[in-house]
Each structure stands twice: as C-alpha cells, then as structure tokens.
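Structural overview for review
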Amino acid sequence: MDGVGHHLAFWSLAVITVGAALGILVSRNLIHAMVMLILSFIGVAGLYLLLSAEFIAVVQILVYVGAISVLMLFAILLTPRAARDNAETAMRYPGLILMGLVIAATVFVALETDWGAVREEPVAESARIIGQSLINEFVLPFEIAAVLLTAALVGAVALARRDDEDIDAHEQSLTLEGREDSGGSS
Amino acid sequence: MPEIVLSEFAGLSLPDWIDALIRIVFIVALMTVNALALIYLERKILARFQQRVGPTRTGPFGMLQSAADALKLLTKEDVRPTSADRWVFELAPYFAFVPVFLVFIPIPWTETWIVRDLELGFLYVFGVLGLNLVGVVMAGWGSDNKYALLGAVRAAAQAISYELPMLLVSVGVILIVAARLTVDGGSAFGAVNLNVIALEQTTTPFILLQPLGFAIFMIGALAELHRPPFDMPIAESEVVGGYFVEYSGIRWSFFFLAEYTALLLLVVIGSTVFLGGWNFPFGEDVGLGLQVLLTIAKTSAVIFILFWSRAVLPRLRIDQLMAFSWKVLLPFSIVQVLANAIILAYGGGEWIIGITSLALLLLLIGLVYGRARTLSRGAGRSLNKQPARPRLITAHDPAGGD
C-alpha cells in the first residue's frame with residue numbers, strides 16, 4: 001500500500017466497516033441492525049478490492065450483500081414480532097462469555113501475526129486460481145460444504161412443512177374469513 | 001496501478017481524478033436524459049397501443065412533458081409520515097439509486113467506450129444490481145405502511161426468484177465463450193467480461209445459439225424491473241403503489257430514476273450478452289460511430305418489446321409468479337446449462353447447442369400454452385372451486401399486527 005489515495009481509501013473503509021459493525025451491536029431495531037450489517041459487508045468488499053482480490057470482492061457483494069442479507073431482510077419482514085425493540089434476551093450472559101472468547105482469540109491472532117507487507121505482486125486471474133484449487137486441492141472440503149448445504153435445505157423444508165391436517169384446517173379458516181370479508185365489504 | 005487509458009473523445013491526457021470526474025458527469029447526464037426520454041416514449045407508445053395520442057400539450061408532440069413532470073417533482077414538498085422510521089425512510093431512495101448508478105461502469109457502449117473495462121464485468125453487474133433491493137426493502141419497512149411493506153416483500157421475493165434463472169441462462173452463454181477462449185489456446189479467464197462476450201459475437205449473435213436463454217433473460221428482466229405483467233410489487237389495484245406509496249417529491253423521483261435507469265441497463269446487458277451489443281449481427285467490422293448506433297438500435301428494439309408487453313399482457317397473481325419462476329423457468333435454465341456443458345465437454349458443435357436450446361424454448365412455450373388452455377377450460381366448468389391460495393404471502397400479517 002502506497003500513496004495517499006490508498007491510505008485514504010483504507011482508513012475510510014476501515015471506519016465504515018468497524019463503525020457499522022458497532023452499529024449492529026448498539027442498535028435496538030432489527031432492521032437498523034440489518035442495514036448496518038450490509039454497510040459492514042460492503043466495507044469488507046472494499047477492503048478486498050484494496051488487496052487486489054477483485055473476484056473475492058465481487059463475490060462478497062453478490063453472495064453476502066445481494067443474497068444473504070436480502071434473504072435475512074426478507075425473513076425479518078415475515079417475522080411477526082420484528083418491529084418490536086430488540087431489548088432483553090435470556091442468552092445475555094452466555095453471549096457475553098462467547099464474546100469474551102472471540103475477542104481473546106482475535107487479539108491473540110492479531111498480536112501473533114507478522115503484519116509486514118507482502119512483497120509479491122498481486123495474483124492476476126484470481127478467479128481461475130481459486131476455481132482450480134477448489135476442484136483440485138480442496139475438493140473434499142468443497143464437497144462437504146455442498147452436502148452440508150443440501151442437508152440444510154432438506155432440514156428447512158422439513159421444518160417449514162406443516163402436517164396435512166393443519167393445512168386443511170388452516171385453509172378452511174381462511175375460506176370462512178374470506179366469505180365474511182366479501183359479505184361485509186363488497 | 002496500470003496507466004489509465006483515456007476515452008477516445010477526451011483526446012487529452014488528464015490526471016486520473018479529472019478523468020473519473022468527466023466520466024461521472026457523462027453518466028449522470030446520460031441517466032437523466034434516458035429517464036426523461038423513456039418516460040415520454042413509454043407514454044406515447046402505450047397511448048398508441050390503447051388508441052390514444054398521449055401527451056401533446058407541452059412542446060412539440062408533447063416532448064417536454066417529462067421535463068415538466070421533473071420540474072414539478074423537484075418543487076413538490078418532501079413529505080415524511082410522522083410514524084415513519086426517519087433514517088431508514090430518508091436513506092432508502094439513495095440505497096435504491098446508487099447501486100443502479102454503479103452498474104454503468106462495465107457497460108460496453110462500443111468496443112472502447114467503457115467507463116472501466118472490468119474483467120469480472122458480468123458478475124459485478126449482478127452483484128451490484130442486487131443491492132438495489134436493500135433500498136426497496138428499507139423503503140417498504142421505513143414507511144410504516146402496510147401496503148408499502150407488502151410491496152417491498154413482494155419485490156424482494158420476486159427479485160430473488162427471478163435472479164436465479166437469469167444468472168443461470170447467462171452462465172450458459174459464458175460457458176460457450178469460455179469454450180471458445182480455451183480453444184484458441186488461452187485461459188477461460190475473461191469470459192465474464194461483457195466486452196469479450198460482445199466481441200465473441202462477430203459472426204453469430206448468441207440469441208441464435210441460446211434462444212431459450214434470451215427468452216428467460218428477458219422474462220427475468222421484466223420481473224426484476226417490476227414491469228407488467230410482473231408488476232405485483234407496485235400494482236395500484238392491490239398494494240396502492242407498492243414500496244414508494246409514502247414518498248413524494250424528489251425522493252419519489254429518485255425511485256423513478258432508478259427504475260428507468262435499471263430498465264436501460266438490464267436491456268443493454270441483455271442485448272450485449274445475447275444480441276451482440278455493439279457488434280454487427282453477421283460478421284461486418286464497422287467503425288466506432290456505427291457501433292454506438294448498433295447498440296442504440298438493439299437496445300431500443302428490446303425496450304420497445306418491453307413496452308409492448310406492458311400494453312398487451314394482463315397481470316399475474318403473486319403465487320402464479322413465484323410458481324412460474326421456481327417450477328418452470330429454473331428447471332429449464334438448469335437443463336440449458338447442463339446441456340451446454342455436456343455438449344461442449346464432448347466436443348459437440350455449437351449448432352447442436354442452438355438446436356437443443358430451440359427445442360427447449362419450444363417445449364417451454366408449449367408447456368405454458370397448454371397450461372393456459374387447460375386452466376381456461378377448467379375455469380368455465382367449476383366456478384365454485386377455490387383458486388389456489390397464494391402460498392408466499394401467508395395468513396400471517398408480515399407487518400406484525402400493527
């Protein structure tokens with residue numbers, strides 16, 4: 001990293017990323033937290049760009065911001081109590097312990113790592129190299145991730161599926177409501 | 001940092017930041033003019049389809065109508081509902097607008113007129129365009145209005161569902177490009193560069209090799225843009241105006257600007273990927289001036305078809321829309337990608353790809369036509385039968401019972 005532009009970009013991206021991450025913790029509103037999370041993801045994508053990892057940056061935006069965050073927003077919108085303040089939770093103390101552990105691990109890694117700049121040129125065609133190593137060197141983790149995702153998909157369907165009786169009763173109540181509505185309003 | 005190649009029309013060697021500034025100004029001007037022109041053209045074309053004349057009063061042929069509308073919007077009061085979530089409500093138009101603005105970067109208007117020639121252009125476009133949805137959801141939620149929220153949920157559901165088939169059929173094209181690049185002895189890297197995709201179509205535009213891909217891409221574009229027949233998120237008769245009901249004045253115009261810019265961009269990308277963009281259809285090397293004309297001609301033809309579909313097609317129901325994407329378009333596009341991959345891997349000619357794609361397209365049309373026939377016949381016989389309940393928007397009130 002050299003030049004004023006790089007430093008400016010790095011520090012503004014760092015402030016955005018960390019500030020937004022703090023915002024997630026501080027905000028009591030789920031939607032606000034989501035918007036902050038998205039900002040933080042975008043900041044991380046910018047940092048990848050600064051490291052000349054264009055492919056990872058674009059995929060970060062495509063997957064984390066474009067897909068995962070939007071799905072999370074979508075889920076929040078469909079959750080009945082999403083508008084309520086996100087105030088108390090029974091998991092407070094376990095959460096604190098977990099946070100302490102994560103902070104300890106991060107500090108340990110940060111202190112142990114050699115932060116000297118890499119002298120090598122940034123890799124061109126990073127997408128090709130990533131693709132090749134995914135299907136050669138790291139094919140087993142790749143396949144395991146695929147199996148895990150399939151399991152998650154099947155699990156989600158199993159959870160979301162209601163018994164047939166429930167659906168029948170539900171639809172019956174719906175049609176009854178519908179009749180009352182149409183009688184009353186139109 | 002490589003040396004910045006200056007645009008042809010600048011002609012001078014300028015510092016990076018001035019160069020960037022010129023390009024930004026150019027894009028902003030293009031965006032504004034495009035939105036004004038498209039709104040005017042849409043009103044005129046729709047009017048002709050409905051045997052009206054459209055705007056006539058302002059300027060010759062009513063051509064200043066959009067400009068007058070824009071002035072009116074700029075001077076209108078910016079109203080914010082008292083119960084709205086202030087920051088989410090006020091920032092939403094920018095979250096919807098900025099991503100669309102950023103998509104301009106890798107668009108090849110001609111072989112050399114590109115803001116920045118990104119190697120991962122196609123991925124970048126879809127990654128950034130997806131951010132648009134965050135603004136839409138923020139607007140719907142921040143307005144504290146049930147209709148706005150419903151519109152936003154519908155928009156999110158629709159965009160997520162239709163992005164998948166769109167991306168998959170584009171992967172079909174990228175596979176062909178990658179195969180050609182590796183045949184020439186190079187690496188497949190660069191196959192997602194929009195300019196390279198356009199360059200590969202000097203002899204045949206990819207619509208001939210991938211007719212199904214083009215059809216699905218355009219259907220997906222209609223859905224992503226919330227245009228009829230897929231305009232449930234902003235359907236006046238169902239959700240009043242969708243996610244921007246509560247907006248007025250300049251904030252509302254930001255949503256409109258984003259919408260029409262996205263229309264232009266998706267169509268330009270579609271015509272670059274499937275129609276050859278700036279390339280002459282059947283193998284003629286043409287100069288720079290003609291390349292712009294070709295881009296404009298292809299883009300306008302496709303935009304005209306989109307306006308046309310608005311005039312003649314009825315609106316779908318939201319459950320039909322979701323079912324169409326997940327049960328029809330997605331399987332078809334997966335089959336398309338797999339067929340391309342298998343044919344290319346076993347060294348089949350490209351004409352085989354074209355034939356399979358055409359067969360799949362005919363199958364798709366036949367399927368939709370047959371389904372429509374049986375549905376319309378069934379509707380007459382059993383009038384008291386309950387229509388399928390919309391599965392996506394369930395009985396739970398997404399607003400959380402307010």
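The rules we used
Residues numbered from 1 in each chain as written. Chains lettered and ligands numbered in written order. Predicted model: local features only at pLDDT ≥ 70, side-chain atom pairs only at ≥ 80, totals over all residues. Helix = DSSP H or I, 4+ residues; strand = E, 2+ residues; numbered from the N terminus. Buried ≥ 20, exposed ≤ 12 C-beta atoms within 10 Å, placed from the backbone. Contact = placed C-beta atoms within 7 Å. pLDDT = per-residue confidence, 0-100. Expected span 1.5 Å × (residues − 1). Core = buried A, V, L, I, M, F, W, Y, C linked by C-beta atoms within 7 Å. Axes fitted to C-alpha atoms, helices over the stretch in contact; angles between N-to-C directions. Parallel < 35°, antiparallel > 145°, perpendicular 65-115°, else oblique. Nonpolar A, V, L, I, M, F, W, Y, C, P; charged D, E, K, R; others polar. Left-handed = near helix turned anticlockwise from the far one by under 90°.

A few points about the overall build of chain B
From N to C terminus, chain B includes 14 helices and 0 strands. Secondary structure elements in chain B, listed N-terminal to C-terminal, are α-α-α-α-α-α-α-α-α-α-α-α-α-α. Looking at the 402 residues of chain B, the share that counts as buried comes to 44%. Considering only intrachain contacts with a sequence separation of at least 6, the fraction spanning at least 24 residues in chain B is 78%.

Describing the confidence of the model for chain B
Residues and elements named next belong to chain B. On average, residues of chain B score 80 in pLDDT, and 87% of them are at 70 or above. Within chain B, helix H9 (residues 211-224) carries the highest mean pLDDT (89), whereas helix H10 (residues 236-239) carries the lowest (72). In this model residues 1-10 is a low-confidence stretch, pLDDT under 50, and it forms 9 contacts with partners more than four residues away in sequence or in other chains. Counting interchain partners and residues more than four positions distant, the pLDDT-below-50 stretch residues 397-402 has 12 contacts. For this predicted complex, the interface confidence score (ipTM) comes to 0.73, while the overall pTM stands at 0.80.

A short note on helix H5 (residues 132-142) of chain B
The buried count for H5 of chain B comes to 11 of 11 residues, which makes it a mostly enclosed element. Along H5 of chain B, the positions that sit buried rather than exposed are Asn132, Leu133, Val134, Gly135, Val136, Val137, Met138, Ala139, Gly140, Trp141 and Gly142 of chain B.

Observations concerning unusual backbone geometry
All names here are of chain B. Backbone geometry at Gln51 places phi at a positive 55°, although glycine is not the residue there. Here Gln51 shows up in the loop between helix H1 (16-49) and helix H2 (65-75). One non-glycine residue, His226, lies in positive phi territory at about 55°. Locating His226 in the fold gives a position in the loop between H9 and H10.

Focus: helix H6 (residues 146-183) of chain B
Taking 1.5 Å as the rise per residue, H6 of chain B with 38 residues should run 56 Å; its terminal C-alpha atoms sit 56 Å apart, in good agreement. Most of H6 of chain B is tucked away, with 27 of its 38 residues classed as buried.

Side note on the nonpolar core
The biggest cluster of nonpolar side chains holds 134 residues, and the ones touching the most others in it are Val137, Ala152 and Ala156 of chain B. The biggest single contributor to this core is H6 of chain B, with 19 residues. Those residues in contact with Val137 of chain B, other than ones at most four positions away along the chain, are Leu73 and Leu77 of chain A together with Ala152 and Ala156 of chain B.

Regarding the packing of H9 of chain B against helix H11 (residues 249-274) of chain B
All names here are of chain B. Look at H9 against H11: their axes get within 11 Å of each other, and the N-to-C directions meet at 170°. Here H9 is positioned roughly antiparallel relative to H11, judged by the angle of their axes. Across from Gly213, Phe214, Phe217, Met218, Ala221 and Glu224 in H9, the residues of H11 making contact are Leu266, Val267, Gly270 and Phe274. Its residues assigned to classes, the contact of H9 with H11 comprises 7 nonpolar, 2 polar and 1 charged.

Overview of the environment of Arg317 of chain B
Tracing the backbone through its elements, the reader meets Arg317 of chain B in the loop between helix H12 (288-312) and helix H13 (318-345). Residues Arg317 of chain B and Lys72 of chain B, spaced 245 residues apart in sequence, show a C-alpha to C-alpha distance of 34 Å.

Side note on the packing of H6 of chain B against H9 of chain B
Residues and elements named next belong to chain B. Packing of H6 against H9 leaves a shortest axis separation of 9 Å and a crossing angle of 155°. Compared by their axis directions, H6 and H9 come out roughly antiparallel. Remark: the crossing between H6 and H9 carries left-handed chirality. Listed contacts from H9 to Gln158, Ala159, Tyr162, Glu163, Pro165, Met166, Val169, Ser170, Gly172 and Val173 of H6 are Gly213, Ile216, Phe217, Gly220, Ala223 and Glu224. Each residue belonging to the contact of H6 with H9 can be placed in one class, and the counts come to 9 nonpolar, 5 polar and 2 charged.

Things to note about the environment of Ala258 of chain B
Residue and element names in this part refer to chain B. Structurally, Ala258 can be placed in helix H11. Classification of Ala258 as buried rests on a count of 24 C-beta atoms within 10 Å. C-alpha of Ala258 to C-alpha of Ala35: the two residues are 223 residues apart in sequence and 8.7 Å apart in space. Beyond its immediate chain neighbours, meaning those up to four positions away, Ala258 contacts Ala96, Phe97, Val100 and Asn132.

Thoughts on the confidence of the model for chain A
All names here are of chain A. Residues of chain A with pLDDT of at least 70 account for 76%, and the chain-wide mean is 78. Confidence, read as mean pLDDT per element, is least for helix H7 (residues 164-185) in chain A (52) and greatest for helix H4 (residues 92-112) (90). Long-range and interchain partners of residues 178-186, a stretch whose pLDDT sits below 50, account for 0 contacts in this model, where long-range means more than four residues apart.

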